[in-house]
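Reading the structure
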Amino acid sequence: MFYWLAEFSDGGGVLNLFRYITVRAGGAFVTALIFGFLFGRPLIDLLRRKQGKGQPIRDDGPQSHLSKAGTPTMGGLLILSALMVSTLLWARLDNPFVWIVILVTLAFGLIGFADDYAKVTKQNTKGVSGRVRMGLGLLIAALAAYAAAQFHPAELTNQLAFPFFKNALLDLGIFFVPFGMVVIVGAANAVNLTDGLDGLAIMPVMIAGGTLGIIAYAVGRVDYTQYLDVHYVPGTSELVIFAAALFGGGLGFLWYNAPPAAVFMGDTGSLALGGALGAIAVCTKHEIVLAIVGGLFVVEALSVIIQVLYYKRTKKRIFLMAPIHHHFEKKGWAEPQIVIRFWIISLILAAIGLATLKVR
């Protein structure tokens with residue numbers, strides 16, 4: 001929205017600064033951060049009053065989690081509010097990729113909100129049916145992938161790009177939409193599975209989002225794509241505004257989610273933010289890179305899949321408990337120890353992801 005103020009500039013002065021994506025990205029970060037600090041405590045107090053007993057705690061989980069009973073959930077509302085307000089203020093609203101990512105984020109947030117609401121009101125951990133959640137998620141992802149393909153340049157439409165190999169493209173044809181569905185829904189559910197300890201999910205989301213934001217900025221500038229040897233996707237630079245807002249809103253939330261958490265993100269936040277990461281990856285043609293920078297989420301999801309499949313075949317467990325962060329809890333690792341070590345892994349993976357932008 002602020003971008004249009006530059007129209008009143010004669011080419012100089014303060015208003016002209018709004019033309020620059022970097023300036024608006026900084027503004028988006030600060031706006032979301034301040035929003036989180038200002039409205040975090042009032043929202044937490046409201047959630048505590050409305051929810052009463054807070055998020056139900058699994059009986060079969062680590063015993064240390066029983067002390068978290070009564071902690072309110074749906075803290076993702078704080079992140080999403082900060083993210084949306086900031087993005088709408090600072091991003092160009094005539095950019096289709098911005099709207100694709102915004103709508104995916106909000107849609108998955110609504111699914112998560114419905115799930116959290118069902119858990120809180122019924123005071124059980126089941127929530128909305130898994131089939132309903134998956135079905136709605138696939139529908140949203142299909143629409144997003146199809147829309148993104150319509151705005152990709154002709155030479156990249158329905159193509160799968162590979163990191164490090166600019167000339168290697170795989171034409172997925174009609175299978176691009178199903179592929180995009182897997183990326184977006186997979187990211188949403190992987191982040192959701194990771195959100196099991198105080199502060200565990202939000203920092204890796206911020207790291208992955210920041211990394212994808214840098215990539216989006218580079219991919220959307222023809223001069224940078226030539227220098228970095230990546231594909232040019234016009235318009236994606238504007239997604240760095242969204243990424244900056246995500247980072248700012250995430251920090252504001254982490255202030256209250258740091259151990260011991262005053263509020264949980266809930267499915268409202270985890271599904272929305274995971275969907276957002278997947279949507280950015282699809283828009284920027286960096287789906288494979290998402291699997292690298294979001295490698296922690298991939299491992300968390302795989303640990304659940306492996307555990308379930310192995311148990312069905314053998315009635316035995318590979319991990320003491322899945323997702324894998326609970327395995328380390330069962331082995332005696334302290335919660336802050338797991339969280340910080342997983343953050344370090346996320347930073348390492350982000351560095352590897354950025355290395356796919358080759359500098360000649």
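The model shown is predicted, which means the values in this text are computed figures rather than measured ones.

Points about the packing of helix 8 (residues 239–257) against helix 9 (residues 266–284)
- Viewed as axis vectors pointing N to C, helix 8 and helix 9 meet at an angle of 160°, and their least axial separation amounts to 12 Å. By the angle between their axes, helix 8 is roughly antiparallel relative to helix 9. Two packed elements cross with a definite hand, and for helix 8 against helix 9 that hand is left-handed. Facing Leu239, Phe242 and Leu246 of helix 8, the residues of helix 9 in contact are Leu273, Ala276, Ile280, Cys283 and Thr284.
- Counted by class, the contact of helix 8 with helix 9 contains seven nonpolar, one polar and no charged residues.

Focus on the pairing of strand 2 (residues 165–171)
- Sheet topology note: the strand 1 (residues 159–162)/strand 2 ladder contains four bridges and is antiparallel. Paired with Ala161 across the strands is Leu169, a residue of strand 2.
- Taking the residues between adjacent antiparallel strands as the criterion, strand 1 and strand 2 are bridged by two residues, where Phe164 takes a positive phi near 75°.

Observations regarding the side chain of Thr268
- Looking at where Thr268 falls in the secondary structure, it is placed in helix 9.
- On the accessibility criterion, Thr268 (1% relative accessible area) is buried.
- A polar atom in the side chain of Thr268 sits 3.5 Å from the backbone nitrogen of Phe113.
- Residues in contact with Thr268, not counting those within four places in the same chain, are Met74, Gly76, Leu77, Leu80, Gly109, Gly112, Phe113 and Asp116.

Reading the values: rules and limits
- Residues numbered from 1 in each chain as written.
- Predicted model: local features only at pLDDT ≥ 70, side-chain atom pairs only at ≥ 80, totals over all residues.
- Heavy atoms only, no water.
- Axes fitted to C-alpha atoms, helices over the stretch in contact; angles between N-to-C directions.
- Helix = DSSP H or I, 4+ residues; strand = E, 2+ residues; numbered from the N terminus.
- Parallel < 35°, antiparallel > 145°, perpendicular 65-115°, else oblique.
- Left-handed = near helix turned anticlockwise from the far one by under 90°.
- Contact = heavy atoms within 4.5 Å.
- Nonpolar A, V, L, I, M, F, W, Y, C, P; charged D, E, K, R; others polar.
- Pairing = 2+ DSSP bridges.
- Buried < 20%, exposed > 50% of the residue type's maximum accessible area, 1.4 Å probe, protein only.
- Polar contact = N/O pair within 3.5 Å; in protein donor to acceptor, adjacent residues only side chain to side chain.

Without other data, these values stay purely geometric and don't point to any function.
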